[in-house]
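The residues making up each chain are set out below.
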Amino acid sequence: MDLTDQRPAAGPDTVVVVGGGLIGLCCAVQLLVAGEPVLLLDPGGDPPPPSWGNAGHIATECIEPLASWKTLREAPRQLYSAGGSLAFRPADLPAWLPFAARYLRACTAASYANGVAALDYLMADAMPAWKRLAALLGEPDLVRDHGHWVVYESARRCAAAGRGVGPIGSGHARCLPLDPGLLEALRTRVRPALAGGYAYEGTGQVRRPADVLDALRRRVRELGGSFRRGRAVRLAPGRGQHRLLLDDGTALEPRRLLIAAGAWSTGLMEDAGHHAPLIAERGYHIEAEAGDWADFPSVVFEDRSVVVTRFGERLRATSFVEFSRAESAPDAGKWQRLKAHVAALGVPLHGPITTWSGPRPTLPDYLPAIGASRRLSGLYYAFGHQHLGLTLAARTGELVAAVLRDPAGTARLAAFDIERFAS
Ligand SMILES: Cc1cc2nc3c(=O)[nH]c(=O)nc-3n(C[C@H](O)[C@H](O)[C@H](O)COP(=O)(O)OP(=O)(O)OC[C@H]3O[C@@H](n4cnc5c(N)ncnc54)[C@H](O)[C@@H]3O)c2cc1C
């Protein structure tokens, strides 16, 4: 990651943002726009985080939290051992078993309905927020709102998915049968006989996740923000000033700090007295030259849970949800499985194939945590964006800036209060 390895000090008014992924960067930009001095802390290094390795899809259609009985009913068919995309890393059972217990509690009808309303509230302005941010970054073409396609090999599953045709949530997205001409164009490019598919409107993609990160970092610098390379290892709350200990033995002493460290946010939140039961949902991608793959929008091959997205001259295929610890090693077998799917689909990946894996930060109710701490003055948080961190990053940045301006004025964020996990 391109972070200048300098050691700027944090002045008393500086907001220290812990985590330089999409969420931390979007928050940093909006805080700077609001006139707040910002220092952004991130260790950088390899592999880059999910903010870099994601599928690039602005998934405004996703207003149903995955904490649901519907997801549970489908889980056995989705298991990796049964050829699906859902895996549980046995060695990490102590991490995902307690998560599973909380997840089950979040699947109740009331919790699910609350989750749908909360996600719809965020999604309704997610695409406009991306367009505002792209304009602010001076790169309106970073965001493409050309929708995406979901296609099926199984006629039965395709017919069942037809029940979702129509407007989504408050109407910010829409699902339609895929135009026969476009379906035919895709059929000529892939090997399996596609039974059918659907086109989504109001959704889209970014030009390239790495371009978004570069543009955000550039804007942070232009707006006077600074970067510091380092990992926060402990937070010692103080009366007015807090002490943030870094892995190089030094410390920062900010009055205000924002925890936006993705799947790595738990420890620092616990230091502040908060319970943040994150699980790492590891995902995988493979990528190579796109060759003659047409300029289709993102295509979800639903029966295989594989998303294929073109980023310029490159084609990226993503898949898998592997419940694990953030620091666990990836499973090379998953890249092999992904390569096998891509080969079976006939999707062209030319030249050397690169591989990547990283953890989605997920809370048991599949809602993010966004807000101001009610336990520690000056502590703010924005993490837990699960499968939707790219989609919700621009909106989150704006909301966090609003929270810092007026913590009491953000009643609509009650569903994202970390205190929901206090008991
Ligand atoms: C395969 C895959 C595909 C995905 N596709 C999509 C998609 O199409 N659309 C979508 O909306 N979402 C997608 N996601 C989810 C999305 O990528 C994540 O939700 C998002 O990246 C979370 O952003 P973040 O900034 O919270 O965390 P991260 O991207 O994990 O960034 C966290 C940052 O914090 C830093 N950090 C960690 N610990 C510390 C510390 N102690 N001190 C300082 N810094 C620290 C890390 O170095 C990192 O830079 C996908 C995820 C995966 C894995």
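Look above for the structure.
Just so it is clear, the structure is predicted and the values come from calculations on it, not from any experiment.

Chemist: Give a detailed account of the overall build of the protein chain, specifying residues and quantitative values.
Modeler: Looking only at helices and strands, the protein chain has 12 helices and 22 strands in total. Compactness check: the protein chain gives a C-alpha radius of gyration of 21 Å against a globular reference of 22 Å for 423 residues, within 12% of the reference. Projected onto its principal axes, the C-alpha coordinates of the protein chain cover approximately 65 × 45 × 40 Å. Long-range pairs, those at least 24 residues apart, make up 76% of the contacts in the protein chain between residues at least 6 apart in sequence.

Chemist: Describe helix H1 (residues 22–33), naming the residues involved and giving the relevant values.
Modeler: Here H1 contains 12 residues, and its C-alpha end-to-end distance of 16 Å stays within 8% of the 16 Å for a straight helix at 1.5 Å per residue. Most of H1 sits out of view: 11 of its 12 residues are buried. Residues of H1 that are buried: Leu22, Ile23, Gly24, Leu25, Cys26, Cys27, Ala28, Val29, Gln30, Leu31 and Leu32. Where H1 terminates, the next one or two residues include Gly35, which has phi positive at roughly 95°.

Chemist: Break down the packing of helix H6 (residues 126–136) against helix H12 (residues 389–405) for me, citing the residues and quoting the values.
Modeler: Direction vectors running N to C along H6 and H12 enclose 75°, while the axes themselves pass 8 Å from each other. Regarding the angle of H6 to H12, the classification is roughly perpendicular. Seen from H6, the contacting residues are Ala126, Ala129, Trp130 and Leu133; seen from H12, they are Thr391, Leu392, Ala394, Arg395 and Glu398. Its residues assigned to classes, the contact of H6 with H12 comprises 6 nonpolar, 1 polar and 2 charged.

Chemist: Give me the lowdown on the sheet that holds strand E14 (residues 251–252), citing residues and values where you can.
Modeler: Within a sheet, neighbouring strands are paired by backbone hydrogen bonds and run either parallel or antiparallel to one another. Within the open sheet, the 3 strands sit side by side as E12-E13-E14. Their pairing is antiparallel. The two strands at the open ends of the sheet, each matched to only one other strand, are strand E12 (232–236) and E14. As paired strands, strand E13 (residues 243–246) and E14 are joined by 2 bridges and run antiparallel to one another. Bridging across to E14, Leu244 finds its partner in Leu252.

Chemist: I'd like to hear about the sheet that holds strand E21 (residues 369–372), residue by residue, with values.
Modeler: One open sheet holds the 6 strands; their spatial order is E11-E2-E1-E15-E22-E21, and the pairing between them is mixed. Each edge of the open sheet carries a strand with a single partner, namely strand E11 (226–229) and E21. With direction set aside, neighbouring strand axes in the sheet form an average angle of 20°. With 4 bridges connecting them, strand E1 (residues 15–18) and strand E15 (residues 256–259) associate as parallel partners. Bridging from a neighbouring strand, Val17 pairs with Leu258 of E15. Strand contacts of H1: E1, strand E2 (38–42), E15 and strand E22 (379–383), with the helix running at about 170° to E2, the strand carrying the most contacts.

Chemist: So, the site of the ligand: which residues are in play, and what are the values?
Modeler: Around the ligand, a shell composed of 40 residues is seen, among which Gly19, Gly21, Gly262, Gly283 and Gly389 lie nearest. At the level of elements, H1, E2, helix H2 (50–53), strand E16 (279–289), strand E20 (350–362) and H12 are the ones that each hand at least two residues to the shell around the ligand.

Chemist: Any chance you could break down the pairing of strand E18 (residues 306–311) for me, citing the residues and the numbers?
Modeler: For strand E17 (residues 299–301) and E18, the ladder comprises 3 bridges, and the chain directions are antiparallel. By the bridge assignment for E18, Val299 is matched with Val308. Between E17 and E18, which pair antiparallel in sequence order, lie 4 residues; one of them, Ser305, sits at a positive phi of approximately 50°. Note: E18 against strand E19 (residues 314–324), 5 bridges, orientation antiparallel. Residue pairing across strands places Val307 opposite Thr318, the latter belonging to E19. Taking the residues between adjacent antiparallel strands as the criterion, E18 and E19 are bridged by 2 residues, where Gly312 takes a positive phi near 60°.

Chemist: Tell me about the nonpolar core, and please be specific about residues and values.
Modeler: If you look at the biggest cluster of nonpolar residues, it comprises 128 residues, and the most contacted ones within it are Val17, Val18 and Leu258. Ignoring anything within four residues of it in the chain, the contact list for Val18 reads Leu41, Ala232, Leu257, Leu258, Ile259, Ala260, Ala261 and Leu268.

Chemist: So what's going on with the environment of Phe99? Which residues, and what values?
Modeler: Its place among the elements puts Phe99 in helix H4 (residues 93–106). Residues Phe99 and Ile279, spaced 180 residues apart in sequence, show a C-alpha to C-alpha distance of 6.8 Å. Other than its neighbours up to four places away in sequence, Phe99 contacts Pro277, Ile279 and Pro364.

Chemist: Describe unusual backbone geometry, with residues and values.
Modeler: Following Asp46, the chain continues into Pro47 via a peptide bond in cis, with omega recorded as -5°. Considering the arrangement of structural elements, one finds Pro47 in the loop between E2 and H2. We note that Phe320 has phi near 80°; this positive angle belongs to a residue other than glycine. For Phe320, the position within the fold is in strand E19. Under the C-beta neighbour-count criterion, Phe320 is labelled buried, with 23 such atoms within 10 Å. In this model, Tyr366 sits at a positive phi of 60°, which is unusual for a non-glycine residue.

Chemist: Can you lay out the pairing of E22 for me, pointing to particular residues and giving the numbers?
Modeler: Summarising burial for E22: 5 of the 5 residues are buried, a large majority. Residues Leu379, Tyr381 and Phe383 line one face of E22 and the alternating positions Tyr380 and Ala382 line the opposite face, and both faces are buried. In the sheet, E15 pairs with E22 via 3 bridges, with the strands oriented parallel. Following the sheet pairing, Leu258 is matched in E22 by Tyr380. Examined bridge by bridge, E21 and E22 share 4 bridges and lie antiparallel to one another. Residue Ala372 lies in a different strand from E22, and its bridge partner there is Tyr380. The hairpin formed by E21 and E22 contains 6 residues between the paired strands, and Gly378 there has a positive phi angle of roughly 90°.

Rules and cut-offs
Residues numbered from 1 in each chain as written. Predicted model: local features only at pLDDT ≥ 70, side-chain atom pairs only at ≥ 80, totals over all residues. Helix = DSSP H or I, 4+ residues; strand = E, 2+ residues; numbered from the N terminus. Rg over C-alpha atoms; globule rule 2.2 N^0.38 Å. Contact = placed C-beta atoms within 7 Å. Expected span 1.5 Å × (residues − 1). Buried ≥ 20, exposed ≤ 12 C-beta atoms within 10 Å, placed from the backbone. Axes fitted to C-alpha atoms, helices over the stretch in contact; angles between N-to-C directions. Parallel < 35°, antiparallel > 145°, perpendicular 65-115°, else oblique. Nonpolar A, V, L, I, M, F, W, Y, C, P; charged D, E, K, R; others polar. Pairing = 2+ DSSP bridges. Near = placed C-beta within 6 Å. Core = buried A, V, L, I, M, F, W, Y, C linked by C-beta atoms within 7 Å.

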